[in-house]
Amino acid sequence: MGEHLDADGFAPLRIKRVVRETSDAVSLVLDVPHHCSGRFRYQAGQFLTLRVTLDGRDLRRCYSMSSAPVEDELRITVKRDPGGLVSNWLNDTASEGVELLVAPPEGRFLLRDNHRGIVAFAGGSGITPIMSLIRTALATSVRPIRLFYANRSRDSVIFADTLSRLVDRHADRLTLTQHFDDDGGIVTPTAVESFVAAAGPADYYICGPGPFMDTVESAVRKSGVPRERIHLERFQVTQAPADAVAAEADVTTDEVVIELDRTTTAAPYRAGNTLLQTARTAGLRAPSSCETGSCGTCMARIVSGSARMLNNDALDDDEVAEGWVLTCQSLPTSRTVHVVYE
Ligand SMILES: Cc1cc2nc3c(=O)[nH]c(=O)nc-3n(C[C@H](O)[C@H](O)[C@H](O)COP(=O)(O)OP(=O)(O)OC[C@H]3O[C@@H](n4cnc5c(N)ncnc54)[C@H](O)[C@@H]3O)c2cc1C
């Protein structure tokens, strides 16, 4: 860990500015002290991890940058999750001058370096990383960009004014299609397919609530877009219950051998646990962040044995073929598994 981060990898950053975007979303501009600036340099599409203590509970949550590296600020945007602890606490209490514990940027939901167009689908708070990607693509390329932005209603649209200014300024290459559930229901596969049909060859970026992502991803794939051009950022994953997954496995795993920081630990395996949970149960400080299979922070390589990933939005086929797994999503499928964090 860098000298300016604590033992768990967090640094105190002061809130420089609070922007109330809508009644249920707030943007926080964070002040990065000069001595931390290197650690907090980021790429469009990445996120920060916040660590907060609420009622004595240590909670960690990821928030994507809504700012772009070309802007001179580090900004996250947090939408209230009904019943959610951290998002509501931030919306209710965040104020200028308050310090938050923040881990440096991570994530692989990044602009791929090519000349293809960009087609983005954002649902609700999913606009956050998409905003960063769009601003960056507008500033650093001539790529055409089409954004499909879905919200429940007009008053829940985050960045409505900023987007309409961007569209005015870049009318030749940025188009915005908005969808409002209260005009006639949620986004349908047909709407997605016709949006895709109107786009040329493009890279696809999708971020939003789970059911929105499922609809969009399957309609985009059905439209014939190759998998490697579809990039997903999941804020939450609905995982199969661990005991159901464990019951599916043909073999019982006894042990997971974990190499981390040049130490090898043989950890007993408890059915239903992921490799990451197994490492934690053995007292190891294995790297992790989003725990949705998006960021790649927890990746490690299986050198013997096997595991099955519940969700993988971070590793490409070549990496998987080389044995890389996302340990937060991996359930062992062999009697022993030997995994190496590199
Ligand atoms: C890579 C990544 C990037 C992200 N970027 C953003 C972003 O830019 N902006 C943003 O707003 N969010 C973002 N998120 C989501 C964010 O990290 C949080 O998940 C979100 O703010 C909810 O956290 P919370 O503490 O408010 O809710 P939590 O307290 O975690 O609760 C989440 C939901 O689960 C329900 N729940 C909690 N406990 C139970 C229970 N026992 N039984 C049933 N239901 C329960 C709650 O009611 C709530 O609806 C991102 C997530 C990831 C992984």
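- In the nomenclature of an unreviewed UniProt entry, the chain is known as Ferredoxin of Mycolicibacterium litorale.

## Comments concerning the site of the ligand
Okay, step 1: Residues in contact with the ligand amount to 23 residues; listed here are only the nearest, Arg61, Cys62, Tyr63, Val86 and Ser87.
Okay, step 2: With respect to the ligand, the side chain of Asp81 contributes an N or O atom lying 2.8 Å from an oxygen atom.
Okay, step 3: Computed on the free molecule, the ligand has an accessible area of 970 Å², of which 68% lies beneath the protein chains in the complex.
Okay, step 4: Contributing elements (two or more residues each) for the shell around the ligand: strand S4 (57-64), strand S5 (74-79), helix H1 (85-93) and strand S11 (230-234).
Okay, step 5: Top contributing element to the shell around the ligand by residue count: S4, with four residues.

## Digging into the layout of surface pockets
Okay, step 1: Quantified by volume, the second largest pocket comes out at close to 480 Å³.
Okay, step 2: Lining the second largest pocket are 22 residues, with Arg227, Glu228, Ile230, His231 and Leu315 positioned closest to its centre.
Okay, step 3: Among the elements of the structure, helix H5 (210-222) and S11 are those that each provide at least two residues to the lining of the second largest pocket.
Okay, step 4: Across the lining of the second largest pocket, the residue classes break down as five nonpolar, four polar and 13 charged.
Okay, step 5: Both domains that furnish three or more residues to the lining of the second largest pocket are identified here as domain 2 (117-234) and domain 3 (242-340).

## A word on H5
Okay, step 1: With 13 residues, H5 should cover 18 Å at 1.5 Å per step; its first-to-last C-alpha distance of 18 Å lies within 8% of that length.
Okay, step 2: Looking one or two places after H5, you find Gly224, whose phi comes out positive at around 95°.

## Observations regarding the pairing of strand S18 (residues 336-340)
Okay, step 1: Looking at chain direction, strand S12 (residues 255-260) and S18 are connected through five bridges and run parallel. By the bridge assignment, Ile258 is partnered in S18 with Val339.
Okay, step 2: Bridging between strand S14 (residues 299-304) and S18 involves three bridges; their strand directions are antiparallel. Note that in S18 the partner of Ile302 across the bridge is Val339.

## What to know about the UniProt feature "domain: FAD-binding FR-type" (unreviewed entry) in the chain
Okay, step 1: Summarizing the sequence annotation, UniProt attributes the feature "domain: FAD-binding FR-type" (unreviewed entry) to residues 8-112 in the numbering used throughout.
Okay, step 2: Strand forms 47% of residues 8-112 and helix 9%; the C-alpha atoms that close the span are 31 Å apart.

## Digging into the packing of aromatic side chains
Okay, step 1: Under the definition given, this model contains four aromatic pairs.
Okay, step 2: Summarising the aromatic geometry, the rings of Phe109 and Tyr205 are spaced 5.6 Å apart at their centres and angled 75° between planes, so their arrangement reads as edge-to-face. You can see Phe109 sitting in the loop between strand S6 (99-106) and strand S7 (117-123) and its partner Tyr205 sitting in strand S10 (residues 202-208), a full 96 residues away along the chain. In terms of burial, Phe109 and Tyr205 fall into one category: buried.
Okay, step 3: With centroids separated by 5.3 Å and ring planes inclined at 75°, the aromatic side chains of Phe148 and Phe195 adopt a geometry described as edge-to-face.

## Quick word on the sheet that holds S4
Okay, step 1: As summarised here, the arrangement of the six strands in space is S4-S3-S6-S1-S2-S5, forming an open sheet in which the pairing is antiparallel. Looking at which strands have only one partner, the edges of the open sheet turn out to be S4 and S5. Averaged over all neighbouring strand pairs, the angle between strand axes comes to 40°, with direction disregarded.
Okay, step 2: The pairing of strand S1 (residues 11-22) with strand S2 (residues 25-31) spans seven bridges and is antiparallel.

## Some points on the pairing of S7
Okay, step 1: Most of S7 is tucked away: seven of the seven residues are buried.
Okay, step 2: Alternating residues of S7 divide into Gly117, Val119, Phe121 and Gly123 and Ile118, Ala120 and Ala122, and every residue in both groups is buried.
Okay, step 3: Of the pairings in the sheet, the one linking S7 to S10 comprises six bridges and is parallel in character. When the sheet's bridge partners are listed, Phe121 is paired in S10 with Ile206.
Okay, step 4: Pairing analysis gives six bridges linking S7 to strand S8 (residues 145-151), with the strands arranged parallel. Across the sheet, the residue bridging to Gly123 is Ala150, located in S8.
Okay, step 5: For the crossover from S7 across helix H2 (residues 127-140) to S8, the handedness is right-handed.

About the cut-offs
- Residues numbered from 1 in each chain as written.
- Predicted model: local features only at pLDDT ≥ 70, side-chain atom pairs only at ≥ 80, totals over all residues.
- Heavy atoms only, no water.
- Near = heavy atom within 4 Å.
- Polar contact = N/O pair within 3.5 Å; in protein donor to acceptor, adjacent residues only side chain to side chain.
- Areas by Shrake-Rupley, 256 points an atom, 1.4 Å probe, with all protein chains shown as cover.
- Helix = DSSP H or I, 4+ residues; strand = E, 2+ residues; numbered from the N terminus.
- 1 Å grid on protein atoms, 1.4 Å probe; cavity = no way out; pocket = protein on both sides within 12 Å on 5 of 7 lines; lining within 4 Å.
- Points joined across faces, edges and corners; volume = space filled by probe spheres on them.
- Nonpolar A, V, L, I, M, F, W, Y, C, P; charged D, E, K, R; others polar.
- Domains from an automatic or database assignment.
- Expected span 1.5 Å × (residues − 1).
- Pairing = 2+ DSSP bridges.
- UniProt positions renumbered as here; feature names shortened; annotations may be inferred.
- Phe/Tyr/Trp six-rings, centres within 6.5 Å; stacked < 30°, edge-to-face > 60°.
- Buried < 20%, exposed > 50% of the residue type's maximum accessible area, 1.4 Å probe, protein only.
- Axes fitted to C-alpha atoms, helices over the stretch in contact; angles between N-to-C directions.
- Right-handed = clockwise from strand over helix to strand, strands pointing away.

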